[in-house]
Each structure stands twice: as C-alpha cells, then as structure tokens.
Amino acid sequence: MIVPVLERPTATPPTTPTATVAAPDRFAARTALVADIAARFADEVDRDARPPREAIAAMKEHGLLAAAVPTELGGEGATLAELSVIATELGRSCAATAMVFAMHQGQVMALWRHGGVSCGVAAMIEAVRAGALVASSTTERGIGGDARRSTCAIEPDAAGRIRLRKDAPVISYATEADAVFVTARRSLDAAASDQRLVICLPSETTLTQTSTWDTLGLRGTCSNGWTLDAETHEDNVLRDDYATISARTVLPVSHVLWSSVWLGIAADAADRARRAVRKQSRATVGQTPPGALRLAELLVDLQALADTVRHAAARFDAVADDGAVLESSSYALAANALKIGASERVTDLVTKAMRIVGIAGFAATGPLSVARHLRDAHGAAVMVSNDRLLQNDAGLALMTGAIL
C-alpha cells in the first residue's frame, strides 16, 4: 500500500512577537476541552486501533500542538512544566491522544533549539505555529531499536536536493502527520552515529506500509511499520547534529512528557478506585470500607510519581539553555531514570487501582473499568526498552553519580 503523507497547513504570515505572562493555569481551559473530546472517543480509538482524529483536530484548534513555540517566534512559549501538566490531563482521558501530544512536542522543540536559520526550518516553525502535527522516524530495521544509529543516509545532488530512504519498523500516527522528522546518516560514507535530522514534508514524502499495529495497548498511536522515501531540499536539514539534538532536547523532553502521560493514566485509574471506595462507604455507613486503606496507600505512591515527574520538568526548564549540563552523563542518567522508574510504577499503580475496584475494574468496559489503562500502561516499559536504557546507563554510571 502506498500512502502519501497528508499536506501540511499553509504557513501563516509571521506576526510581531508579544510578551506573555506565564500563569500556571493558562492552558487549563483549552486542555479540558480537548480532554473531554479525547475521553468521548477513547474507547472507540482503542477498540478500532485508529488514530484519535477528533482529539488531534481539537489540539490543533485550541493551540495545544503549538503551545511551546517561543514568544519571540509568535507563540505562547509554554515551559516543559506546563507541557507536562497538559500531557497528564490528556493522559487521564486517552493515552493515545496524550502520547501523540508528547511525541509531537519532543520533535518540534528541536526546530527552534537546533534548527538554525534556513528557510526550510523557518517555514516548518510557521507551520507548527499554525497547528501542524509532527511525527518522527528515528529507528530502523536491523539496528535493534537504537535511535542513535542509522543505516539510511542523506544522498545529495549538485542542485542542493537530497534523497533518503528509511525502513522504519514504527512511525506513530504517520497518516495523520503534517510532516515527519527523520534521522539519517550525514552522508553515504558517514558513521552510523553521525546523524542529522531531516524535515520530510508532505509533498516530498511517500510512505509504503510494511506492517500493522495490532497491540495490547496504546492502540490509537497507530505505530505501523513504513518504508519512507523522501526527496527534499538541504534547507530541511536541521543545523545541529542529532547527538546534540537528542541530548539537549529530544531525550529529556520526551522522557518527561511520556512519564507525564503515564502519570495521567495512573491518576485516572486512582480516580476510579476512589469512586469505587466511596460507593462502598455509602453501603456501609459508620464503617471504613476495606478498600479505603489500600486507596490511601495508592495515593501515596501516585503522589510520589507526580512529584518525580514535576521535579524533572522543572529541572529541565532551569537548565534548558545550558548545553554543558544537558549533555552531561549525570543528566542523561537522570532522564533515563525518570523514564524507567515511571514506566515501571504506572503498571503497579493501575494494578493496585484495579484490585481496589474489584471485579468492576477487571471488566473490559464500564465506568469503573481500568482494562484500557492497564493495557496502555504495559506499553510504557517497551517503548524504548528499559533494558536498552539500563545498558546505556551501565557505562554512564561508571563515570558519574545520580543528580540528587
């Protein structure tokens, strides 16, 4: 099957930047509107393993996909702490929607942090500001899921055009994306780790589907396998090498936002457990129901995860412009620790919630069911394998300790 990538929105003319006063709740109302739409279609998205199109349209309409565009570029300049809250709230409603939001932000922030001043990068920033959705293609068949190595390479010609072909085992929400950011070797004779990030625009990209996405959870991310063929201009290659982009932006931002999504999954499961215990309380007036103690324990663990995620987001915001810190071994250990820890804890939290709820939580559907939550939670440890991260950490740990 040959599927062309959808056309991206027409870039709007640049506007004069205006100062924005940050407020903790400035995205709350819009996030609630999107979360409501996401919740309405979440079961259908999961059942049919289809993209959350309604929620994606709502994120575009209400400016959530463009939230992080800096104020000097005409955007709202959302901090990672603010994006984390949005991801959590969306995760409460629909994990697939929240993961689309999280994966998109991890890519688009590379544009203004690492893209340079080329016309292609400037046009893509304008498209994002107008609501464009960005997907990513960083892994390839034959390299074991290692995003820091590429087989495919950029092939230039004398006219400034470039070509590349990537055999990607997964590209999430590819059919819904307005552009795909692709890692590739700098040239045909470059080392596997000598990578650049390429903006592959809709009119210049063709996707050939090679596998389907029929999974236990996170079904709405629609992470099918694709062969991606692109022919574009060298202006669409970001300025910095991918090692820098990954260390300073993609890895820390992605790990914070993924963990924020998992926090949202756990929080909604805990809410369902609370409703179940309240129902038990009404049936046994004057007595503490058996599930109340377990609920209190669950909330302790949930709060600990929330504090960990929020602290990691604030830590990134504090050093966002300090390349030396972001590229340090200790910071990489901290970013990996967040992903590993959160991905393990979310399954424990949802399982505890299910046991508190009882058979209604074990049911596949219903207002107290946590079946979808549990299936989605199990995707956390295998999307970028925890074992791979721990293997990377083994070497880093010999050089430095944890950031406390």
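The shown structure was predicted, so the numbers you read here are calculated from the model rather than taken from an experiment.

Where do I start with the overall build of the chain in this structure?
When helices and strands are tallied, the chain shows 12 helices and 8 strands. Whereas a compact globule of 404 residues would reach a radius of gyration of roughly 22 Å, the chain reaches 21 Å, a difference of no more than 12%. Counting only C-alpha atoms, the chain reaches 80 × 45 × 45 Å along its principal axes. Counting only contacts in the chain whose residues sit at least 6 apart along the sequence, the fraction spanning at least 24 positions is 78%. About 17,100 Å² of surface is accessible on the chain, with carbon and sulfur atoms providing 57% of the total.

Please clarify how the packing of helix 6 (residues 242-283) against helix 9 (residues 329-357) should be interpreted in this entry.
Where helix 6 contacts helix 9, the axes come no closer than 9 Å and their chain directions differ by 15°. Taken together, helix 6 and helix 9 sit at an angle that is classed as roughly parallel. The element helix 6 and its partner helix 9 pack so that their crossing is left-handed.

So what exactly am I meant to see when it comes to helix 7 (residues 291-319) here?
Each α-helix winds once per 3.6 residues, and so residues spaced three or four apart point in a common direction. Given a rise of 1.5 Å per residue, 29 residues ought to cover 42 Å, and the 42 Å separating the end C-alpha atoms of helix 7 matches this to within 8%. Along helix 7, the residues classified as buried are Gly291, Leu295, Leu298, Leu302, Leu305, Ala306, Val309, Ala312, Ala313, Arg315, Phe316 and Val319. Next to the buried residues of helix 7 lie helix 3 (80-93), helix 4 (95-114), helix 6, helix 8 (323-326) and helix 9.

Sorry if this is basic, but what is going on with helix 4 here?
The terminal C-alpha atoms of helix 4 lie 29 Å apart, and with 20 residues this matches the ideal 28 Å at 1.5 Å per residue to within 8%. Of all the 20 residues making up helix 4, 19 are buried; the element is thus mostly covered by neighbouring parts of the structure. Where helix 4 terminates, the next one or two residues include Gly116, which has phi positive at roughly 85°.

What should I look at first to understand unusual backbone geometry in this one?
One non-glycine residue, Leu218, lies in the positive phi region at around 50°. Relative to the elements of secondary structure, Leu218 occurs in the loop between strand 7 (205-211) and strand 8 (225-233). Note on Leu218: relative accessible area 8%, which makes it buried. Here the phi dihedral of Cys222 falls at roughly 50°; this positive angle occurs in a residue that is not glycine. As for its placement among the helices and strands, Cys222 is situated in the loop between strand 7 and strand 8. Classification of Cys222 by relative accessible area gives buried; the value is 10%.

So what exactly am I meant to see when it comes to the confidence of the model for the chain here?
Mean pLDDT over the chain: 93, with 94% of residues reaching 70 or higher. For residues 1-23, every residue scores under 50 in pLDDT, and the model assigns this stretch 56 contacts once sequence neighbours within four places are set aside.

Help me understand the packing of helix 3 against helix 4 in this model?
Packed helix pairs are specified by the crossing angle of their axes together with the interaxial distance, meaning the distance between the axes. In the contact formed by helix 3 and helix 4, the axes pass within 6 Å of each other and the chain directions differ by 155°. Our classification of the angle between helix 3 and helix 4 gives roughly antiparallel. Taking contact as the criterion, the partners of Leu83, Ile86, Ala87, Leu90, Gly91 and Ser93 in helix 3 are, on helix 4, Ala95, Ala98, Phe101, Gln105 and Met109. Of the residues contributing to the contact of helix 3 with helix 4, the split by class is 8 nonpolar, 3 polar and no charged.

Explain the side chain of His255 to me, please; I cannot follow it from the model alone.
Within the secondary structure layout, His255 lies in helix 6. Sequence-distant contacts of His255, that is, excluding residues within four places in its chain, are made with Ala335, Asn336, Leu338, Lys339 and Leu389.

What's the story with the pattern of salt bridges in this structure? I'm lost.
Pairing is possible between side chains that carry opposite charge, provided their charged atoms lie close to one another. Summed over the entire model, instances satisfying the criterion amount to 27 salt bridges. Between Arg248 and Glu327 there is a salt bridge whose closest N-O contact spans 2.6 Å. Of this pair, Arg248 sits in helix 6 while Glu327 sits in the loop between helix 8 and helix 9; the two residues are 79 residues apart in sequence, bridging distant segments of the chain. Assessed through its relative accessible area of 29%, Arg248 is described here as partly exposed. The exposure class of Glu327 is partly exposed, given its relative accessible area of 40%.

I keep staring at the nonpolar core and nothing clicks. Help me out?
Here is a general trend for soluble globular proteins: nonpolar side chains tend to be buried in one another's company. Within the largest apolar cluster, 89 residues are counted, with the highest numbers of intra-cluster contacts made by Met59, Leu83, Ile171, Leu228 and Trp262. Looking at this core element by element, the count peaks at 15 residues for helix 6. For Leu83, the residues in contact, after removing those within four places along its chain, are Ala67, Ala68, Ala78, Phe101, Gln105, Met109 and Leu257. One finds Val108, Ala132, Leu238 and Val250 within the second-largest nonpolar core, a separate group that totals 21 residues.

Mind showing me how you'd approach the sheet that holds strand 2 (residues 134-137) here?
Strand-to-strand pairing in sheets goes through backbone hydrogen bonds, with the strands running parallel or antiparallel. Read across the open sheet, the 3 strands follow the order 2-5-6; overall the sheet is mixed. Among the strands making up the open sheet, the edge pair consists of strand 2 and strand 6 (195-200). Within this sheet the neighbouring strands show an average axis-to-axis angle of 25°, counted without direction. Direction of pairing for strand 2 relative to strand 5 (residues 179-185): parallel, over a ladder of 4 bridges. Paired with Val134 across the two strands is Ala179, which belongs to strand 5. Docked against the sheet, helix 5 (residues 119-129) engages strand 2, strand 5 and strand 6, running at close to 55° with respect to strand 6.

So what exactly am I meant to see when it comes to the environment of Ser187 here?
Among the secondary structure elements, Ser187 is positioned in the loop between strand 5 and strand 6. The exposure class assigned to Ser187 is partly exposed, which follows from its relative accessible area of 22%. When the C-alpha atoms of Ser187 and Pro156 are compared, they prove to be 8.0 Å apart, with 31 residues separating the residues in sequence. Residue contacts for Ser187: discarding those within four places in its chain leaves Ala153 and Ile154.

Teacher, can you tell me more about the side chain of Arg219 here?
Position of Arg219 relative to the elements: it lies in the loop between strand 7 and strand 8. When its relative accessible area of 13% is taken as the criterion, Arg219 is described as buried. Looking at Arg219, its side chain comes within polar contact range of the side chain of Asp214, at 2.9 Å. Here the side chain of Arg219 touches Thr215 through a polar contact of 2.9 Å, landing on its backbone oxygen.

Conventions we followed
Residues numbered from 1 in each chain as written. Predicted model: local features only at pLDDT ≥ 70, side-chain atom pairs only at ≥ 80, totals over all residues. Heavy atoms only, no water. Helix = DSSP H or I, 4+ residues; strand = E, 2+ residues; numbered from the N terminus. Rg over C-alpha atoms; globule rule 2.2 N^0.38 Å. Contact = heavy atoms within 4.5 Å. Areas by Shrake-Rupley, 256 points an atom, 1.4 Å probe, with all protein chains shown as cover. Axes fitted to C-alpha atoms, helices over the stretch in contact; angles between N-to-C directions. Parallel < 35°, antiparallel > 145°, perpendicular 65-115°, else oblique. Left-handed = near helix turned anticlockwise from the far one by under 90°. Expected span 1.5 Å × (residues − 1). Buried < 20%, exposed > 50% of the residue type's maximum accessible area, 1.4 Å probe, protein only. pLDDT = per-residue confidence, 0-100. Nonpolar A, V, L, I, M, F, W, Y, C, P; charged D, E, K, R; others polar. Salt bridge = Lys/Arg side-chain N within 4 Å of Asp/Glu carboxyl O. Core = buried A, V, L, I, M, F, W, Y, C linked by side-chain atoms within 4.5 Å. Pairing = 2+ DSSP bridges. Polar contact = N/O pair within 3.5 Å; in protein donor to acceptor, adjacent residues only side chain to side chain.

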